[in-house]
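# Analysis of the macromolecular model
What follows is each chain in one-letter form.
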There are 2 protein chains.
Amino acid sequence: MAAPVALDAMGGDHAPHEIVAGAVTAVREHGVPVVLVGAPRPLAEALAAHDATREIPIVRAEEALAMHEGALASLRRPRSSIAVACHLVRRGDACAVVSAGSTAGIVATARLRLRGQQGVLRPAIAVALPTRPRPTVLLDAGANAEVKPEMLLQFAHLGTAYAESALHVENPRVGLLTIGSEAEKGDKVVKRAHELLAAAPSLDFAGNVEGHDLLTGKVDVVVTDGFTGNVALKTMEGAVRYAFGELRATVESGPLSRLGALLQRSKIRRLRHRLDPDAYGGAVLLGLNGTVVIAHGAARAGSIAAACALAATLAAARTVARTGERVAAAGRSHRLW
Amino acid sequence: MAAPVALDAMGGDHAPHEIVAGAVTAVREHGVPVVLVGAPRPLAEALAAHDATREIPIVRAEEALAMHEGALASLRRPRSSIAVACHLVRRGDACAVVSAGSTAGIVATARLRLRGQQGVLRPAIAVALPTRPRPTVLLDAGANAEVKPEMLLQFAHLGTAYAESALHVENPRVGLLTIGSEAEKGDKVVKRAHELLAAAPSLDFAGNVEGHDLLTGKVDVVVTDGFTGNVALKTMEGAVRYAFGELRATVESGPLSRLGALLQRSKIRRLRHRLDPDAYGGAVLLGLNGTVVIAHGAARAGSIAAACALAATLAAARTVARTGERVAAAGRSHRLW
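Model, not experiment: these values are computed from the prediction. (Residues numbered from 1 in each chain as written. Chains lettered and ligands numbered in written order. Predicted model: local features only at pLDDT ≥ 70, side-chain atom pairs only at ≥ 80, totals over all residues. Heavy atoms only, no water.)

On to the overall build of chain A. When you go through chain A residue by residue, the secondary structure sums to eleven helices and eleven strands. Counting only residues that meet the buried cut, chain A has 58% of its 337 residues in that class. By sequence separation, contacts in chain A at least 24 residues apart represent 70% of the contacts at least 6 residues apart. When the accessible area of chain A is evaluated, it comes to approximately 13,300 Å², of which 52% is carbon and sulfur surface. (Helix = DSSP H or I, 4+ residues; strand = E, 2+ residues; numbered from the N terminus. Buried < 20%, exposed > 50% of the residue type's maximum accessible area, 1.4 Å probe, protein only. Contact = heavy atoms within 4.5 Å. Areas by Shrake-Rupley, 256 points an atom, 1.4 Å probe, with all protein chains shown as cover.)

Right under this line is the structure:
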């Protein structure tokens, strides 16, 4: 039987109860083995309430990073639940880490405990956007507010390995996010990154893409710095929420329209769910010696379970090994790192 | 009678016919006087087709900037339609410039012909987002891919003057777009800009905002660099388009749903239109000695007319004077420029 997913039970706005509930859903509905990491007593009580004491083991971690705590806290708390979860992966007792804690805290702790893969300049956060027929990988979604052109090139390799291994995309097309389709558009870093990407032998570089291309499926992997990527991702989430809000206000005005709304409510709810970032399981931290999935801080049981399923998929797909191989091969060919 | 709007008849994907049609709509439906700038013969023919020869004068400009031409072309073409339009404003023969040409070309030409206002480090492109109850001003939406902290501070003043004068917002609340609500979030430029904004006596600085705040009306003015702003704006447009596309696919599947969709089609179309960036008239180039409105390159008659109406509103609201006064006063108090 596969090693379990190490789930940080203390991270997230709704920890530990929604996290434990998510673990139960992951085990019972997704068939994903999970070990909960955190304070034993409250976790044992929560598991008992689900009558799941025998299904899900608990690994003790007395400390936890608060949601507002950033990178430094991970140094002050070597025994935090996220640090212990990383340790389990390092020892091979778990196949992946899942946490809904503070992103800065997770990134810092995971970098410290799992270390970057050989040649990786910086790990990047990748998110799979709900495009059709297949998702689009956007990275970096927030790990590195400032980047060098070489990092953007590496992100292209990390995202390509993710798309190939976990999303089963053959020869993923890579786009560079900027403010115009011409090669010279953007700031200095982006212009240089464009040159590096265009010269990369092992990438299918499709050139520049713009904000309105993110959800059209024009490319399979969108590369950008963590500042722009984070703003774009949150802008996208906000715009979809806004569109649905305006829509509800519109369709529910007037008797005939209300009838129409009634006829569609369930479908619209399903669509909303599909477009809800929580539904697609969370962000993946690529470039470390271990699989790390970052769930939404506000994640409830359903999205925690989805994050555990995503983590198990990545582990089974050997995504970590594939990113490592790609970065190593690219390093040899580019002579950049 | 007010000076007319100088409309660049040669700029845009659908020039000159949709531009001329837009001029006719602006004059007849919005009561905004317009003068067309461009090649006399085709414009005269187009006006004749609308039976509008006597309503709309033509100012000759033999050259035009192609849509793919950027900043340098404005130097090579001193008699381009956009350059001549700027000249009319400079001479006081027009109250504002409207163009659907290439943004880079418009910005470069306008900076060259109208010059920046006293103390303005860089002009910025401002867009009014369709939030309720009042629009939210986002700037810079693309004029400056790279900025200094002092420029972001100036953008806050430019956007505040725009919101006060043209959108009638009292004491506009200003937000700084970044990747977290805490003051220390973001890159070096943003962190320093946060300090400058927090220390500015004549601004109502509400702190950091994130991508998902852009359409909630949380603040009245959102300040960011032209790279992030452009990506965010286009991401927003793409996400709204995507949400409506997914929605149509959803509501039109299944007989009952189709009926529901039927009942709402017209309303949904109206909502779509309201959220369509074309509908809100275009972007405003702030910080120059003259009013410049940049219409969408793909703009058709309706949005060209809306852009002319917006330009007339800005001219009547003395937005240029208000931005100048604010920047001058801020320069005295901040001692930064």
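On we go.
As a further point, take the sheet that holds strand β7 (residues 173-177) of chain B. Residues and elements named next belong to chain B. Spatial strand order, β3-β2-β1-β4-β11-β10-β5-β6-β9-β7-β8: eleven strands in an open sheet with mixed pairing. Of all strands in the sheet, those bounded by a partner on one side alone are β3 (58-60) and β8 (204-209). Looking at each pair of strands side by side, their axes are set apart by 25° on average, direction ignored. Relative to strand β9 (residues 221-223), β7 runs parallel, the two sharing three bridges. Within β9, the residue paired with V174 across the bridge is V221. (Pairing = 2+ DSSP bridges. Axes fitted to C-alpha atoms, helices over the stretch in contact; angles between N-to-C directions.)

As a further point, take the pairing of β8 of chain B. A regular strand carries its side chains on alternate faces of the sheet. Residue and element names in this part refer to chain B. With five bridges joining them, β7 and β8 adopt parallel strand pairing. Directly across from L177, in β8, lies its bridge partner V209. Handedness of the crossover joining β7 and β8 through helix α7 (residues 188-199): right-handed. (Right-handed = clockwise from strand over helix to strand, strands pointing away.)

Residue and element names in this part refer to chain A. Reading across from one edge, β3-β2-β1-β4-β11-β10-β5-β6-β9-β7-β8 is the order of the eleven strands in this open sheet, with mixed pairing throughout. Two strands lie at the open edges of the sheet, namely β3 (58-60) and β8 (204-209), each paired on one side alone. This sheet shows a mean twist of 25° between the axes of neighbouring strands, independent of strand direction. Bridge count for strand β1 (residues 5-8) against strand β4 (residues 96-99) is three bridges, and the pairing is parallel. Pairing of V5 across the sheet is with A96, part of β4. Contacts between helix α10 (residues 301-316) and the sheet are confined to β1, β2 (34-38), β4, β10 (283-286) and β11 (291-294), with β11 contributing the most and set at about 155° to the helix.

All names here are of chain A. Taken as a whole, chain A is organised into domain 1 (1-120 + 287-317) and domain 2 (124-278). Here domain 1 and domain 2 have C-alpha centroids that lie 26 Å from each other. The interface is formed by 15 residues belonging to domain 1 together with nine residues belonging to domain 2. Together, H296, L314 and A317 form the three largest contributors to the area buried by domain 1 at its contact with domain 2, with a combined 35%. Connecting domain 1 to domain 2 are zero salt bridges. Seen at the junction of domain 1 and domain 2, the total is one residue pair in polar contact (both at pLDDT 80 or more). (Domains from an automatic or database assignment. Buried area = accessible area lost by both parts, 1.4 Å probe. Salt bridge = Lys/Arg side-chain N within 4 Å of Asp/Glu carboxyl O. Polar contact = N/O pair within 3.5 Å; in protein donor to acceptor, adjacent residues only side chain to side chain.)

In this section: the nonpolar core. Core analysis: the largest hydrophobic core is formed by 216 residues, its most contacted members being L139 and Y162 of chain A together with L139 and Y162 of chain B. If near-sequence neighbours (up to four positions away) are discounted, Y162 of chain A is found in contact with A126, A128, V137, L167, V284, L286, L310, L314 and T319 of chain A. (Core = buried A, V, L, I, M, F, W, Y, C linked by side-chain atoms within 4.5 Å.)

Each turn of an α-helix holds 3.6 residues, which means side chains three or four residues apart point in the same direction. Residue and element names in this part refer to chain B. The end-to-end C-alpha distance of helix α11 (residues 319-334) is 22 Å, a good match for the 22 Å that 16 residues give at a rise of 1.5 Å each. What α11 keeps buried is the set T319, T323, G324, R326, V327, A330, G331 and H334. Within α11, the buried residues cover an arc of 165° as seen down the axis, which keeps them to one side. Those residues of α11 that are buried lie in contact with α6 (149-165), β10 (283-286) and α10 (301-316). Immediately downstream of α11, the backbone of R335 shows phi near 55°, a positive value. (Expected span 1.5 Å × (residues − 1). Arc of directions from axis to C-beta.)

On to the packing of helix α6 (residues 149-166) of chain A against helix α11 (residues 319-334) of chain A. Residue and element names in this part refer to chain A. The geometry of α6 relative to α11 is characterised by a closest axis approach of 9 Å and an angle of 140° between their N-to-C directions. In this view, α6 runs oblique relative to α11, as classed from their interaxial angle. As for how α6 packs across α11, the hand of that crossing is right-handed. Residues L153, Q154, H157, L158, T160, A161, Y162, E164, S165 and A166 of α6 lie in contact with α11, whose contacting residues are T319, R322, T323, R326, V327, A330 and H334. (Parallel < 35°, antiparallel > 145°, perpendicular 65-115°, else oblique. Left-handed = near helix turned anticlockwise from the far one by under 90°.)

Residues and elements named next belong to chain B. Considering the arrangement of structural elements, one finds S80 in the loop between α3 (73-76) and α4 (81-91). Note on S80: relative accessible area 0%, which makes it buried. Apart from residues no more than four positions distant in its own chain, S80 is found in contact with A61, E63, A64 and L65.

Evaluation of the coordinates by the stated rule reveals zero disulfides over all chains. No disulfide involves C86 of chain A; its nearest neighbouring cysteine sulfur is the one of C95 of chain A, lying 13 Å away. C308 of chain B carries a free sulfur, and the closest cysteine sulfur to it, the one in C95 of chain B, is 9.3 Å from it. Its relative accessible area of 0% is what places C308 of chain B among the buried residues. (Disulfide = S-S within 2.5 Å.)

One pass over the structure, following the stated rule, counts 24 salt bridges over all chains. Taking the shortest distance from any N to any O, the salt bridge between E62 of chain B and R60 of chain B comes out at 2.4 Å. Residues participating in the shared-partner salt-bridge network are E164, R322 and R326 of chain A.

All names here are of chain A. For the pair helix α1 (residues 17-29) and helix α2 (residues 40-49), interaxial distance at closest approach is 10 Å and the crossing angle is 50°. Put simply, α1 runs oblique to α2. Two packed elements cross with a definite hand, and for α1 against α2 that hand is right-handed. The residues of α2 that touch α1, namely those facing H17, V20 and V24, are L43, A46 and L47. Of the residues belonging to the contact of α1 with α2, the class tally is five nonpolar, one polar and no charged. (Nonpolar A, V, L, I, M, F, W, Y, C, P; charged D, E, K, R; others polar.)

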